[in-house]
Amino acid sequence: MASTSAAYLSLSLLPPPISSPRHHLVTGFPYPSTQIQSRVSLRTRAVSADDFLGDFGARDPFPAEIASGFAEKVLGNVDTEHKILIPNASALSLAQQDCSPVSPLQPPMSLDDATALLKKVVGWRLLDEEGGLKLRCLWKVKDFRSGVELVNRIYKVTEATGHFPSLHLEEPNQVRAELWTSSIGGLSMNDFIVAAKIDEIRTSDLAPRKRVWA
């Protein structure tokens, strides 16, 4: 694979032999042909080496490349520091996060914080009851059997979290789910994490069919 890449680069970038050191336009930037040949031959040596790390993203330059002073011939800052950042919990979506233990001494989430997090879940609304804040979501389904299927899907998703919603199969075709953390008498981050995971459940096959009028 490496030798094939080197041949491709040589065919696509090397200019035809010329007698005078004229400039040629390559990818929108004028470079002397001698510099282009130096670049291509340098890359050829890199991909033809036994170490194939040059084929995978950024790498440290080879000693021959450093000696050639190639960094002075390219655009950009040679002192630029490149870092690979691992996303923390705040950068992940709620559905990608895991529930964590909640201490009974932990205060419940404030109304302002809950309102801000409510924008990250779909179809849920806040209930401010005497027992504290809760999350509620309603689904309309085709029939009773579809309601049972939805309850089973929600249970399968939330089983791994250890934080279960209160599920109710109401009427013949409505499912109601409520989330709160009873140990603190209100909402915690776990409630929004579970709500986001429930949002990812496929429900289109359980929804009532829309009437089409001729």
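The text that follows walks through the structure, step by step, so that each part is easy to find. As the structure is a prediction and not an experimental result, all values here were calculated from the model.

On to the nonpolar core, then. Side chains that are nonpolar tend, in soluble globular proteins, to be buried together. One finds Trp124, Leu135, Trp139, Leu150, Leu187, Phe192 and Ile198 to be the most contacted residues of the largest nonpolar core, which totals 26 residues. Sorting the residues of this core by element identifies helix H4 (111-117), strand S4 (132-140), helix H5 (144-159), strand S6 (174-179) and helix H6 (189-199) as the ones contributing at least two each. The element that contributes the greatest number of residues to this core is H6, accounting for 6 residues. For Phe192, the residues in contact, after removing those within four places along its chain, are Leu94, Met109, Ala114, Leu117, Leu118, Val121, Leu135 and Leu187.

Our focus in this paragraph is the pairing of strand S5 (residues 166-170). Judged from the 5 bridges that link them, S5 and S6 form a sheet pairing that is antiparallel. Within S6, the residue paired with Glu170 across the bridge is Gln174. Connecting S5 to the next strand, S6, in antiparallel fashion are 3 residues, including Glu171 with a positive phi near 55°.

Now for the environment of Ala95. Along the chain, Ala95 turns up in the loop between helix H3 (63-68) and H4. Residues Ala95 and Lys197 lie 102 residues apart in sequence; the distance between their C-alpha atoms is 4.7 Å. Setting aside chain neighbours within four positions, we find Ala95 in contact with Ala196, Lys197 and Glu200.

Okay, the pattern of salt bridges next. Considering all chains together, one arrives at 8 salt bridges under this definition. Glu129 is the salt-bridge partner of Lys134, the closest N and O atoms lying 3.4 Å from each other. Assessed through its relative accessible area of 34%, Glu129 is described here as partly exposed. The salt bridge involving Glu171 is made with Lys140; its shortest N-O contact spans 3.8 Å. Residue Glu171 is found in the loop between S5 and S6, and its partner Lys140 is found in strand S4; the two are separated by 31 residues along the sequence.

Here the focus is the environment of Phe192. Mapped onto the secondary structure, Phe192 falls in helix H6. Separated by 74 residues in sequence, Phe192 and Leu118 place their C-alpha atoms 7.8 Å apart.

Thresholds applied
- Residues numbered from 1 in each chain as written.
- Predicted model: local features only at pLDDT ≥ 70, side-chain atom pairs only at ≥ 80, totals over all residues.
- Heavy atoms only, no water.
- Core = buried A, V, L, I, M, F, W, Y, C linked by side-chain atoms within 4.5 Å.
- Buried < 20%, exposed > 50% of the residue type's maximum accessible area, 1.4 Å probe, protein only.
- Helix = DSSP H or I, 4+ residues; strand = E, 2+ residues; numbered from the N terminus.
- Contact = heavy atoms within 4.5 Å.
- Pairing = 2+ DSSP bridges.
- Salt bridge = Lys/Arg side-chain N within 4 Å of Asp/Glu carboxyl O.

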